[in-house]
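Listed here are the chains, written in short residue letters.
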Amino acid sequence: MNEGKPPTPFTPSRGLKVVDFVCKKMQRQMKHDVSLGGSWFKLFQRYDRDSSGQLDFGEMEYVLRKEVKIRKTEVSDEELHVLWGTLDADGSGQVSIKEFAGFMRRYAR
Ligand SMILES: [Ca+2]
């Protein structure tokens, strides 16, 4: 029935695994970096490298690869885009502190 259709690149469960994996990594960073004081707001400010008050995809990618040290074998570039789609809840192309906090409240355990 599905002949000729491209395969679905991401199943919801794979997407969730990526989100869960990245959340755990960020939580670990929170615990180990005392200068953050357990504050998601401070973490967001750290990620917001140009202090615009918004994260863009490049900032998120930089931080996750260089600081949180997520390898491409763990989370591919494509999967980062899936993650970004979850973070950028309103699809504006930027992630606000509100969206970031909402993401953490929802997924960080
Ligand atoms: Ca947004």
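What comes next is a walk through the structure.

Thresholds applied
- Residues numbered from 1 in each chain as written.
- Predicted model: local features only at pLDDT ≥ 70, side-chain atom pairs only at ≥ 80, totals over all residues.
- Helix = DSSP H or I, 4+ residues; strand = E, 2+ residues; numbered from the N terminus.
- Buried ≥ 20, exposed ≤ 12 C-beta atoms within 10 Å, placed from the backbone.
- Contact = placed C-beta atoms within 7 Å.
- Axes fitted to C-alpha atoms, helices over the stretch in contact; angles between N-to-C directions.
- Parallel < 35°, antiparallel > 145°, perpendicular 65-115°, else oblique.
- Left-handed = near helix turned anticlockwise from the far one by under 90°.
- Nonpolar A, V, L, I, M, F, W, Y, C, P; charged D, E, K, R; others polar.
- Arc of directions from axis to C-beta.
- Core = buried A, V, L, I, M, F, W, Y, C linked by C-beta atoms within 7 Å.

Right, let's talk about the overall build of the protein chain for a bit. Looking only at helices and strands, the protein chain has five helices and two strands in total. Put simply, the protein chain runs from its N terminus to its C terminus through helices and strands in the order α-α-β-α-α-β-α. Here the protein chain holds 109 residues, and 17% of them are scored as buried. A sequence separation of at least 24 residues applies to 59% of the contacts in the protein chain between residues at least 6 apart.

Further remarks concern the packing of helix H2 (residues 40-47) against helix H5 (residues 97-107). Contact geometry of H2 with H5 gives a least axis separation of 10 Å together with a crossing angle of 125°. Considering their axes alone, H2 and H5 lie oblique with respect to each other. Between H2 and H5 the crossing geometry is right-handed. Each of Trp 40, Phe 41 and Phe 44 in H2 lies in contact with H5, whose residues at this interface are Ile 97, Phe 100, Ala 101 and Met 104. Its residues placed into classes, the contact of H2 with H5 shows seven nonpolar, no polar and no charged.

Turning our eyes to something else, we now look at unusual backbone geometry. A positive phi is found at Ser 51, a non-glycine position, where the angle reads about 50°. By secondary structure assignment, the location of Ser 51 is in the loop between H2 and strand S1 (54-55). Its 7 C-beta neighbours within 10 Å are what place Ser 51 among the exposed residues.

Turning our eyes to something else, we now look at helix H4 (residues 77-87). Three or more residues of H4 are buried, namely Glu 79, Leu 83 and Leu 87. Down the axis of H4, the sector holding all buried residues measures 95°, keeping them to one side. Opposite its buried face, H4 presents the exposed residues Asp 77, Glu 78 and Gly 85, each directed more than 90 degrees away.

Next up on the list: the nonpolar core. Across soluble globular proteins, nonpolar side chains have a tendency to be buried as a group. Ranked by internal contacts, the top residues of the largest apolar core, which has 16 residues, are Val 18, Val 22, Leu 83, Leu 87 and Phe 100. Counting residues per element, this core draws most heavily on helix H1 (residues 12-32), which supplies four residues. With residues up to four places along the chain from it excluded, the contact list for Leu 83 reads Val 18, Val 19 and Val 22.

Relative to the assigned elements, Gly 102 resides in helix H5. The exposure class assigned to Gly 102 is partly exposed, which follows from the 14 C-beta atoms found within 10 Å. Gly 102 sits 15 residues away from Leu 87 along the chain, and the two C-alpha atoms are 8.5 Å apart.

All right, on to the environment of Leu 64 then. Mapped onto the elements, Leu 64 comes out in helix H3 (residues 57-67). Of the residues examined, Leu 64 has 20 C-beta atoms within 10 Å and is grouped as buried. Note: C-alpha distance between Leu 64 and Leu 80 (16 residues apart in sequence) is 9.1 Å. Apart from the residues within four sequence positions on either side, Leu 64 is in contact with Val 22, Ile 70 and Leu 80.

As far as function goes, none of this settles anything; it's purely spatial.
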